[in-house]
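The primary structure of each chain is shown beneath.
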Amino acid sequence: MESTLKEQIPAGGVEDVYGEDCATEDQCITPWTIAVSSGYNLLRDPRYNKGLAFTERERDAHYLRGLLPPVVSTQELQEKKLMQSIRQYDLPLHKYVAMMELEERNERLFYKLLIDNVEELLPIVYTPTVGEACQKYGSLFKRPQGLYISLKEKGRILEVLKNWPERSIQVIVVTDGERILGLGDLGCQGMGIPVGKLALYTALGGVRPSACLPITIDVGTNNEKLLNDEFYIGLRQNRATGQEYYDFLHEFMSAVKQNYGEKILIQFEDFANHNAFELLAKYRTTHLVFNDDIQGTASVVLAGLIASLKLLGGALCDHTFLFLGAGEAGTGIAELIALEISKKTNTPVEETRRKIWLVDSKGLIVSGRKGTLQAFKKPWAHEHEPVNNLLDAVKAVKPSVLIGTSGVGRTFTKEVVEAMASMNERPLIMALSNPTSQAECTAEEAYTWSEGRAVFASGSPFPSFEYNEKLYFPGQANNCYIFPGFGFGLVMSGTIRVHDDMLLAASEALAAQVTDEHYAKGMIYPPFADIRKISAHIAARVAAKAYELGVATRLPRPADLVKYAESCMYTPNYRSYR
Ligand SMILES: NC(=O)C1=CN([C@@H]2O[C@H](COP(=O)(O)OP(=O)(O)OC[C@H]3O[C@@H](n4cnc5c(N)ncnc54)[C@H](OP(=O)(O)O)[C@@H]3O)[C@@H](O)[C@H]2O)C=CC1
Ligand SMILES: CC(=O)C(=O)O
Ligand SMILES: [Mg+2]
């Protein structure tokens, strides 16, 4: 007769009711859970855990007596202690790990730190440090922070979505890991990006953490280094492409809508451009989708351009734009600038595109190359003789605005910046590529090579820089100014489709937050310290546009949308428990 588990092994733990301690490795046990957190489980539940800040009454009511030392702390004191300990780490990656561990331990405290110390911690949970974290994600991985949907789950994606513990999801950020920042294909390890972006949805935009779902689609990777890395966490195969890829993505998109409904916002992030444009075009009419790299970046850069006119002079239509990099970010920004000028001057967009030029890895995009260009580059193939490098393109096009979206560091050389400065009293130079290592030039280079005349912004942050006894404040032209407020505006108004006019509205809302005090310092973006207020204004303008276009379903429309946005925002202060 077969004996039971307990009879076989005499030495289980105390009260080992389910045989978990005494089971050998090849025996199955059931992972029991309970529905209401209390006692030890409450301390292990990051959503509700308050650590030493549980009050005496809560310690009695929730079986916490003895599980905590006697002192009762405040959230403010906890914050002070944690900031002190994070500041003691020299390496940004160690700070990143400390922040992720905090998020897994005490979610509200994590968000309180991030909101109250946004300028200090943004470079840790986001670019540049998140780039390094993704590169090392296999070694850092401890617990899932989002859903991994790999080709192994083909035909079962709906089932996989149901495994996520939260039901009322409002925002999904999804990547397939093929173009992580300017670091290339990081496969399944791209997960750091959706996790980081959604942390900003909450901290900067006010979407509840429980309503956010990071997803990584794993169709393989072509990164040989990762495929040979014993700690790699993804599928060990080359990327699926073509019909297999699109069928899998279609199953995903259908399952998301079936599980969460029409109003779930899906943000595409860091897909390679050979899929990004097609996915956006395919799903923008059937789903609430938004590509952050194409559309969010466009909106933040347009905001900076609108604001910069105070410093550069003229109207947008008076300027000439040159891009290094003609992919998602480059052509996305170019198209939104052309649209804005078209609307402002009542000129067809085909005409307004003519003052915008792009250089890719093969040189200036000109009509002679039309036969071999990808579809998204074709509208930018203007009449011109071939030009095969950036410096010659600057000399030929004579831009007043130079924008780097190449993903390749140090490509705005001294000669390029000097050429810009020789043609313009105040050249606008944006080095948008991330992380910092991929920036087309540094703030220091832009200011010194232009003898302090450049207006400069970059995708990853640079510190202020002193030149000739004057302090310069570089801006951070990063889509994180836009997507949290933009997404929040869509969610709070129950919008069902994204429209380009909403991107223009978001740009105008952001530009309107730049004050004379900022202009006096040469800034074209407002400080991140004010980001929650900025996001509320962006959300309100986006929602207003959605109501105007008839795609907002939350009725009646709140009269004061800024106040409404502010009132809906998640705040991380502790709640009291019955
Ligand atoms: N600041 C921000 O908010 C954002 C920044 N980014 C950053 O922008 C960068 C590009 O992203 P994305 O547009 O999505 O990438 P893509 O891969 O879509 O585009 C890159 C473009 O750069 C071109 N390129 C590559 N190398 C060179 C070179 N040596 N000289 C000239 N052109 C070159 C490519 O040319 P070809 O087409 O010939 O291959 C391509 O046109 C990334 O670093 C990303 O982090 C992206 C989104 C937001
Ligand atoms: C910021 C961002 O989205 C990127 O670099 O891809
Ligand atoms: Mg991105």
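Source: prediction; values computed, not measured. (Residues numbered from 1 in each chain as written. Chains lettered and ligands numbered in written order. Predicted model: local features only at pLDDT ≥ 70, side-chain atom pairs only at ≥ 80, totals over all residues. Heavy atoms only, no water.)

Peer 1: Sorry if this is basic, but what is going on with the overall build of the protein chain here?
Peer 2: Of the regular secondary structure elements, the protein chain holds 25 helices and 14 strands. Scaling as 2.2 N^0.38, a compact globule of 578 residues should have a C-alpha radius of gyration of about 25 Å, and the protein chain matches this with 25 Å. For the protein chain, the C-alpha atoms occupy an extent of roughly 90 × 50 × 50 Å along the three principal directions. For the protein chain, the proportion of its 578 residues judged to be buried stands at 57%. Counting only contacts in the protein chain whose residues sit at least 6 apart along the sequence, the fraction spanning at least 24 positions is 70%. Carbon and sulfur atoms make up 52% of the accessible area of the protein chain, which amounts to about 25200 Å² in all. The distance from the centre of the 61 positive side-chain charges to the centre of the 70 negative ones in the protein chain is 5 Å. (Helix = DSSP H or I, 4+ residues; strand = E, 2+ residues; numbered from the N terminus. Rg over C-alpha atoms; globule rule 2.2 N^0.38 Å. Buried < 20%, exposed > 50% of the residue type's maximum accessible area, 1.4 Å probe, protein only. Contact = heavy atoms within 4.5 Å. Areas by Shrake-Rupley, 256 points an atom, 1.4 Å probe, with all protein chains shown as cover. Lys, Arg positive; Asp, Glu negative; His and termini not counted. Charge placed at Lys NZ, Arg CZ, Asp CG, Glu CD.)

Peer 1: I would appreciate a short explanation of the environment of His-518 in the present structure.
Peer 2: Along the polypeptide, His-518 turns up in helix α23 (residues 516-520). Overall, the relative accessible area of 9% leaves His-518 in the buried class. Sequence separation between His-518 and Phe-473 is 45 residues, and the spatial gap between their C-alpha atoms is 9.3 Å. Once residues lying within four places of it in the same chain are set aside, the contact partners of His-518 are Gln-513, Met-523, Pro-526 and Pro-527.

Peer 1: Where do I start with the sheet that holds strand β5 (residues 288-291) in this structure?
Peer 2: Each strand in a sheet pairs with another by means of backbone hydrogen bonds, the pair being arranged parallel or else antiparallel. Taken in spatial order, the five strands line up as β1-β3-β2-β4-β5 in an open sheet, and their pairing is parallel. Only two strands of the sheet have a single partner each, and these edge strands are β1 (147-150) and β5. Along the sheet, successive strands turn relative to each other by an average axial angle of 25°, direction set aside. Looking at chain direction, strand β4 (residues 265-268) and β5 are connected through four bridges and run parallel. If you follow Leu-265 over to β5, its bridge partner there is Leu-288. Docked against the sheet, helix α13 (residues 242-260) engages β1, β2 (171-175), β3 (212-218), β4 and β5, running at close to 160° with respect to β3. (Pairing = 2+ DSSP bridges. Axes fitted to C-alpha atoms, helices over the stretch in contact; angles between N-to-C directions.)

Peer 1: Honestly, the coordination of the magnesium ion (ligand 3) in this entry has me stumped. Any pointers?
Peer 2: Ideal coordination angles are 109.5 degrees for a metal with four donors arranged tetrahedrally and 90 or 180 degrees for a metal with six donors arranged octahedrally. Surrounding the magnesium ion (ligand 3) are the protein donor atoms Glu-269 (OE), Asp-270 (OD) and Asp-293 (OD), at 2.1 Å. Mapping the donors of the magnesium ion (ligand 3) onto the primary sequence gives the spacing E-D-x22-D. When sorted by exposure, Glu-269 lands in the same class as Asp-270, which is buried. (Donors = N, O, S within 2.8 Å, 3.2 Å for Na, K, Ca; no water.)

Peer 1: Any chance you could explain the site of ligand 2 here in plain terms?
Peer 2: Surveying the vicinity of ligand 2 reveals the residues Tyr-126, Arg-179, Leu-181, Lys-197, Glu-269, Asp-270, Asp-292, Asp-293, Asn-434, Asn-478 and Asn-479. Between Glu-269 and ligand 2, the recorded distance is 3.0 Å, taken from a side-chain N or O atom to an oxygen atom. Within the side chain of Asp-270, an N or O atom sits 2.9 Å from an oxygen atom of ligand 2. Contact with the protein chains covers 91% of the free accessible surface of ligand 2, which is 210 Å². Residue composition of the shell around ligand 2, grouped by class: two nonpolar, three polar and six charged. (Near = heavy atom within 4 Å. Polar contact = N/O pair within 3.5 Å; in protein donor to acceptor, adjacent residues only side chain to side chain. Nonpolar A, V, L, I, M, F, W, Y, C, P; charged D, E, K, R; others polar.)

Peer 1: Looking at this structure, I do not really get the state of the cysteines. What am I missing?
Peer 2: A covalent bond bridging the sulfur atoms of two cysteines is what the word disulfide describes. The tally for this structure, following the rule as stated, stands at zero disulfides. Of the cysteine sulfurs around Cys-212, a residue in no disulfide, the closest is that of Cys-568, at 14 Å. Here Cys-441 stays free of any disulfide, with the sulfur of Cys-480 as its closest cysteine sulfur at 19 Å. (Disulfide = S-S within 2.5 Å.)

Peer 1: Teacher, can you tell me more about the UniProt feature "binding site: (S)-malate" (unreviewed entry) in the protein chain here?
Peer 2: Those places that UniProt annotates as "binding site: (S)-malate" (unreviewed entry) correspond, in this numbering, to Arg-179, Asn-434 and Asn-478. Tracing the backbone shows Arg-179 in the loop between β2 and α11 (192-203). Residue classification places Arg-179 among the partly exposed residues on the basis of a relative accessible area of 24%. Within polar-contact distance, the side chain of Arg-179 engages the side chain of Asp-270 at 3.1 Å. Aside from chain neighbours lying at most four places away, what touches Asn-434 is Thr-127, Leu-181, Gly-182, Gly-459, Ser-460 and Asn-478. (UniProt positions renumbered as here; feature names shortened; annotations may be inferred.)

Peer 1: Would you explain the pattern of salt bridges in this entry?
Peer 2: It is possible for side chains of opposite charge to pair when their charged atoms get near one another. Within this structure, the stated rule accounts for 32 salt bridges. Measuring nitrogen to oxygen at the nearest pair gives 2.9 Å for the salt bridge that ties Glu-335 to Arg-353. In this pair, Glu-335 is assigned in helix α16 (residues 328-345) and Arg-353 in the loop between α17 (349-352) and β7 (356-360), connecting sequence segments 18 residues apart. Take Arg-353: its relative accessible area is 14%, and that puts it in the buried class. Each of Asp-176, Glu-178, Asp-185 and Arg-239 takes part in a single network of salt bridges with overlapping partners. (Salt bridge = Lys/Arg side-chain N within 4 Å of Asp/Glu carboxyl O.)

Peer 1: I keep staring at the packing of aromatic side chains and nothing clicks. Help me out?
Peer 2: Geometry of an aromatic ring pair is reported as the spacing of the ring centres plus the angle between the planes. Applying the stated criterion across every chain, the model contains 17 aromatic pairs. Considering the side-chain rings of Phe-141 and Tyr-148, the 6.2 Å spacing of their centres and the 75° angle between planes classify their relative orientation as edge-to-face. Owing to a relative accessible area of 33%, Phe-141 belongs among the partly exposed residues under this scheme. For Tyr-148, a relative accessible area of 22% puts it in the partly exposed group. For Lys-50, the ring lying beneath its charged end belongs to Tyr-577, and the centroid distance is 4.3 Å. In this structure, Arg-353 packs its charged tip against the face of Trp-380, placed 5.7 Å from the ring centre. (Phe/Tyr/Trp six-rings, centres within 6.5 Å; stacked < 30°, edge-to-face > 60°. Lys NZ or Arg CZ within 6 Å of the ring centre and 35° of its normal.)

Peer 1: Explanation requested: the pairing of strand β10 (residues 428-431) in the structure shown.
Peer 2: Remember that side chains alternate between the two faces of the sheet whenever the strand is regular. Residues Leu-428 and Met-430 of β10 are buried on one face, and the alternating residues Ile-429 and Ala-431, pointing to the opposite face, are buried as well. Between the parallel elements strand β9 (residues 401-404) and β10, the chain passes through helix α19 (residues 414-423) in a crossover that is right-handed. Crossover connection from β10 via helix α20 (residues 443-449) to parallel strand β11 (residues 455-458): handedness right-handed. (Right-handed = clockwise from strand over helix to strand, strands pointing away.)

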